[in-house]
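The primary structure of each chain is shown beneath.
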Amino acid sequence: MKFKILSLAFLGATLGLQAQQGYYDGVEYFRADQPEEAGIILSKTINDPGTDKAEAYYYLGQLQLQAGNIAEAKKNFEAGMAANSSNGYNYVGLGALELKQGNKSAAESHFKEAKSLAKKDADLITEIARTYYNADPVGYAKEIEKTIAEAKKANKQSPAPYILEADMIAGEDVGKAAQLYDMAQMFDADNSHPEAYVKYARAYFPVNPTFSINKLKELLDKNPDSALAQRELAEKYYANDQLTMAADQYGKYIQNPNHFAKDEQRYVGLLYFGKKYQESYDLARKLLSEDPTNIYMQRMQFLNKVALEQYPEAVAHAEVFFANPKGGFVANDYTNYAAALQGVGQDSLAIAQYEKAIELAPEKVDLYKDLSAAYSNAKKYNEAADALQKFVDNGDYNTNDLYMLARRYQNAAMSDTVPETKNNSINKGLEVINVVFERVPDNARIAQTRAILVFLQNNNEDNDAVFEAFKQVVDILDQNPENAKTQQSIYTQALNRLGNHALINDDKEAAKMYFGRMLEFNPDNEALREYLENMK
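So, here's what we can say about the structure. (Residues numbered from 1 in each chain as written. Predicted model: local features only at pLDDT ≥ 70, side-chain atom pairs only at ≥ 80, totals over all residues. Heavy atoms only, no water.)

## Remarks on the overall build of the chain
So, point 1. Secondary structure summary: the chain contains 30 helices and zero strands in total.
So, point 2. For the chain, whose C-alpha radius of gyration is 37 Å, the value lies well above the compact-globule estimate of 24 Å for 536 residues.
So, point 3. Reported as C-alpha extents along the three principal axes, the dimensions of the chain are approximately 120 × 45 × 40 Å.
So, point 4. Here the chain holds 536 residues, and 49% of them are scored as buried. (Helix = DSSP H or I, 4+ residues; strand = E, 2+ residues; numbered from the N terminus. Rg over C-alpha atoms; globule rule 2.2 N^0.38 Å. Buried < 20%, exposed > 50% of the residue type's maximum accessible area, 1.4 Å probe, protein only.)

## A few points about the packing of helix α8 (residues 141–154) against helix α9 (residues 160–169)
So, point 1. Where α8 contacts α9, the axes come no closer than 9 Å and their chain directions differ by 150°. As far as their axial angle goes, α9 and α8 are roughly antiparallel. On α9, the residues touching Ile 144, Ile 148, Ala 151 and Lys 152 of α8 are Pro 161, Tyr 162, Leu 164, Glu 165 and Met 168.
So, point 2. Taken together, the residues of the contact of α8 with α9 sort by class into seven nonpolar, no polar and two charged. (Axes fitted to C-alpha atoms, helices over the stretch in contact; angles between N-to-C directions. Parallel < 35°, antiparallel > 145°, perpendicular 65-115°, else oblique. Contact = heavy atoms within 4.5 Å. Nonpolar A, V, L, I, M, F, W, Y, C, P; charged D, E, K, R; others polar.)

## A closer look at the packing of aromatic side chains
So, point 1. Overall, the coordinates contain 25 aromatic pairs when judged by the stated rule.
So, point 2. Where Tyr 132 meets Tyr 140, the ring centres are 5.3 Å apart and the plane angle is 55°; that geometry is what we call tilted.
So, point 3. Geometrically, the ring pair formed by Phe 321 and Phe 322 is edge-to-face, given 5.0 Å between the ring centres and 65° between the ring planes. For the residue pair Phe 321 and Phe 322, the accessibility class agrees, reading buried in each case. (Phe/Tyr/Trp six-rings, centres within 6.5 Å; stacked < 30°, edge-to-face > 60°.)

## Brief notes about the pattern of salt bridges
So, point 1. Taken as a whole, this structure holds 24 salt bridges when the rule is applied.
So, point 2. In this structure, the salt-bridge partner of Glu 218 is Lys 215, at a minimum N-O distance of 3.8 Å. Note that Glu 218 and Lys 215 are positioned in helix α12 (residues 209–222) at a spacing of three residues, about one turn of the helix.
So, point 3. One salt bridge in this structure joins Lys 222 and Glu 218, with 3.8 Å as the shortest N-O distance. Here the residue Lys 222 and the residue Glu 218 both occupy positions in helix α12, the gap between them amounting to four residues, near one helical turn.
So, point 4. Of the residues examined, Lys 222 reaches a relative accessible area of 35% and is grouped as partly exposed. (Salt bridge = Lys/Arg side-chain N within 4 Å of Asp/Glu carboxyl O.)

## Regarding the packing of helix α14 (residues 243–253) against helix α15 (residues 261–273)
So, point 1. Closest axis-to-axis distance for the α14/α15 pair is 9 Å, and the angle between their directions is 140°. For the element pair α14 / α15, the angle class is oblique. Every pair of crossing elements has a handedness; the one defined by α14 and α15 is left-handed. Between α14 and α15, the residues in contact are Leu 243, Ala 246, Ala 247, Tyr 250, Gly 251 and Tyr 253 and Asp 263, Arg 266, Tyr 267, Leu 270 and Phe 273, respectively.
So, point 2. For the contact of α14 with α15, the residue count by class is eight nonpolar, one polar and two charged. (Left-handed = near helix turned anticlockwise from the far one by under 90°.)

## Observations regarding helix α4 (residues 70–83)
So, point 1. Between its terminal C-alpha atoms α4 stretches 20 Å, which fits the 20 Å expected from 14 residues at 1.5 Å a residue.
So, point 2. Residues Ala 73, Asn 76, Phe 77, Gly 80 and Met 81 constitute the buried set of α4. Buried positions in α4, seen along its axis, are confined to an arc of 140° and lie on one side of it. Among the exposed residues of α4, those pointing more than 90 degrees away from its buried face are Ala 71, Lys 75 and Ala 82. (Expected span 1.5 Å × (residues − 1). Arc of directions from axis to C-beta.)

## Considerations on the environment of Arg 439
So, point 1. In this structure, Arg 439 sits in helix α24 (residues 419–439).
So, point 2. Along the sequence, Arg 439 and Pro 206 sit 233 residues apart, while their C-alpha atoms lie 47 Å from each other.
So, point 3. Excluding residues within four positions of it along the chain, Arg 439 makes contact with Thr 399 and Leu 402.

## Some words on α24
So, point 1. In a regular helix each residue adds 1.5 Å, so 21 residues correspond to 30 Å; α24 covers 30 Å between its end C-alpha atoms and thus fits that length.
So, point 2. Taken together, the buried positions of α24 are occupied by Ser 425, Ile 426, Gly 429, Leu 430, Val 432, Ile 433, Val 436 and Phe 437.

## Overview of the environment of Gly 93
So, point 1. Along the chain, Gly 93 turns up in helix α5 (residues 89–100).
So, point 2. Look at Gly 93 and you get buried, because its relative accessible area is 0%.

## Details of the nonpolar core
So, point 1. Among the nonpolar cores identified, the biggest contains 150 residues, and Tyr 29, Leu 42, Phe 302, Phe 322, Leu 371, Ile 433 and Phe 470 are the most heavily contacted of them.
So, point 2. Looking at this core, the element that brings in the most residues is helix α25 (residues 444–457), giving nine residues.
So, point 3. What Tyr 29 contacts, discounting residues up to four positions off in sequence, is Gln 34, Glu 37, Ala 38, Ile 41, Ala 227, Leu 228, Arg 231, Tyr 253 and Phe 260. (Core = buried A, V, L, I, M, F, W, Y, C linked by side-chain atoms within 4.5 Å.)

This is the structure in structure tokens:
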């Protein structure tokens, strides 16, 4: 795949905010093996007043060489030589082109000229060794070893040759590579090789994330203006699930004009997960003003509005998001859209979104609970019971889930006019609520649900079973005097059923007692008061 030099309008960047590093951030990214980022910055800053064009063109040429674009690579190296013929690096670049084409003798001539322009420059000599390594690490093994030794002789405390040696073995011996990167850091007195820290942290992160993060913090203390250092630390926080720290570090990093749009997008997500919903929304809106079809930012706009419970706006943003032809929607998108629709009273439409979410992620069985609630809100009680039953059938449920399932069956039975399905709901509801009542025998609401289902089973007529079920409700309530204040509606319903049963059985004294207790909870009920007076 050919490397493309990308152009990017960096958000918030102004001349007055230019970081001191400028083009050199691109150099650091290249040395840290991040070519895309390097190309963006080097292309962006090539004509800045502070850019060393000879050096910048060298790295642009190397990027094109890596991508196999020989003509473009040569063009950049020659542009670097035209900018400063005394800079030896572009001669190294021309030598790399010759090695690429198998012309070792011509390459060595260029290397010789490069070294003549920079006597005992360990960095440049190491770059020649790296060129041999990139061309053919096996075929040029002797040249590589000899040139690295030459670099160390030129400067015994240069970090560059140790970095190259570490790079050569990093894929095979992480421990040894880490030691070499560490040695390079000790020799990096002028902080000119931050890649030693970055590569060390990259190699060590799978083993000890905290140690890698501390190494990057050390780098940032030394190079506070380095976009590479700022971004790598933010990335490692993110990779280590330290989202609060990652958000804080990204917030600092995106003030650097050499940041990338994709980093601002990640920052939007981190702000969202940090529950800074308005900040996340505002930044997403800003990014969309420059890239109106950015589907990730469209997603974040509507997710933030859902989190802010601003449901009409959330629905409007969701409609734009789901109309994006790029697609790639996930279950979470549909569940949040469903929540927004429920927030504006569109429960029937929300049902379809939950069904899509389940279709995409059937393993997320909790979605059946959400679907059940949506069906219930839409007064589709049979479907609500079926959905919650599917959740319970999965096996990962608790007692409260069973109680809710019994209530779903109760609602279905009370609204159903078809005897067969009505009775089915009653029987299933009783089966479930009996299990719950055995587990929690002192809960009035559970006892009430059981009593109602027994009443429904008896075609809404009183009998001894109904009486015993509602008497259990009252007995449970009577165990705590506070229930007379907090559970009056349950008391009233149960006492009414008990009073009716007493009347049916011609027990006026019991009826007066039960109805009298009802009146205590509702003293303004004149009809009940008059009824009791007539009974006397």
